[in-house]
Amino acid sequence: QVQLVESGGGLVQAGDSLRLSCAASGRFSGYNMGWFRQAPGKEREFVAAISRSGGYTRYADSVKGRFTISRDNAKNTVNLQMNSLKSEDTAVYYCAADSGGSSWNLGLSQKYDYWGQGTQVTVSS
């Protein structure tokens, strides 16, 4: 089992950058990790994912080229660097852990077993 705690959210202006972090307990290196987000009135959507070793990453088209996911297995953390933020990036951002061995379908929320409580990101235009 793993516990996830997100941090780094806040209020920024369009064009600014923000770095989210997710601290994990447990056997962190055994989990694929993902970031999802949910805006008011919308369903939760995939943002980015990274495999257990960090060798494979995947991004939603809406954030590709602007966001970067990374992980540090020694520090049990996964980060999401968000650049060139837009108002449409406003949402609660969730960190999630997948205990499955495969890196297939990391864009699907159903694949993830554990979730953090979320951190609010607000981008003003």
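Quick summary incoming for the structure in this document. Each chain carries its own residue numbering, running from 1 in the direction its sequence is written. Per-residue local features of the predicted model are confined to residues with pLDDT of at least 70, and side-chain atom pairs are confined, for both listing and counting, to 80 or more; whole-chain, interface and lining totals are unaffected and use all residues. Working from all heavy atoms in the structure, the side-chain values ignore hydrogens and water.

Put simply, DSSP H or I for four residues or longer makes a helix, DSSP E for two residues or longer makes a strand, and each gets a number counted from the N terminus. Of regular secondary structure, the chain possesses zero helices and eleven strands. Starting at the N terminus and ending at the C terminus, the chain contains elements arranged as β-β-β-β-β-β-β-β-β-β-β. Dimensions along the principal axes, computed over C-alpha positions, put the chain at roughly 40 × 25 × 25 Å. A total of 125 residues make up the chain; the buried ones form 43% of that total. Any two residues whose heavy atoms approach within 4.5 Å at even a single point are treated as in contact. Intrachain contacts of the chain at a sequence separation of at least 6 include 59% that bridge at least 24 residues. To measure how exposed things are, a 1.4 Å probe is used in the Shrake-Rupley method; for residues, cover is taken only from the protein chains shown. Split by element, the accessible area of the chain, about 6,300 Å² in all, is 44% carbon and sulfur. Separation between the mean location of the 13 positive side-chain charges and that of the 10 negative ones in the chain comes to 5 Å. Here the term buried applies to any residue with accessible area under 20% of the maximum for its type, exposed to any over 50%, and partly exposed to those in between, with areas from a 1.4 Å probe on protein chains only. Charge assignment in this entry is limited to Lys and Arg as positive and Asp and Glu as negative, and neither His nor the chain termini are counted. By convention, charge coordinates are those of NZ in Lys, CZ in Arg, CG in Asp, or CD in Glu.

A separate point is the nonpolar core. In terms of nonpolar packing, the biggest core is built from 36 residues, with M33, W35, V78, L80, M82 and Y93 touching the most fellow members. Taken together, the elements giving at least two residues each to this core come down to strand 3 (18–24), strand 4 (32–38), strand 5 (45–50), strand 7 (67–72), strand 8 (77–82), strand 9 (91–98) and strand 11 (119–124). The criterion is simple. A nonpolar core is a set of buried Ala, Val, Leu, Ile, Met, Phe, Trp, Tyr and Cys residues joined through side-chain atoms within 4.5 Å.

Attention now goes to the pattern of salt bridges. Should a side-chain nitrogen of Lys or Arg be within 4 Å of a carboxyl oxygen of Asp or Glu, the pair is scored as a salt bridge. On inspection of all chains with the given rule, the structure shows five salt bridges. Measuring nitrogen to oxygen at the nearest pair gives 2.9 Å for the salt bridge that ties D89 to R37. Separated by 52 residues along the polypeptide, D89 in the loop between strand 8 and strand 9 and R37 in strand 4 bring together distant segments of the chain. Overall, D89 belongs to the buried group, its relative accessible area being 1%. Two residues, K64 and D61, come together in a salt bridge whose shortest N-O distance is 3.1 Å. Overall, D61 belongs to the exposed group, its relative accessible area being 67%. Residues joined by salt bridges that share partners form a network here, namely R37, E45, R66 and D89.

On to unusual backbone geometry, then. Despite not being glycine, S84 shows a phi value in the positive range, around 50°. Residue placement: S84 occurs in the loop between strand 8 and strand 9. Phi angles above zero are rare outside glycine, and N105 is one such case at about 55°. Note that N105 resides in the loop between strand 9 and strand 10 (114–115). Residue classification places N105 among the partly exposed positions, given a relative accessible area of 45%.

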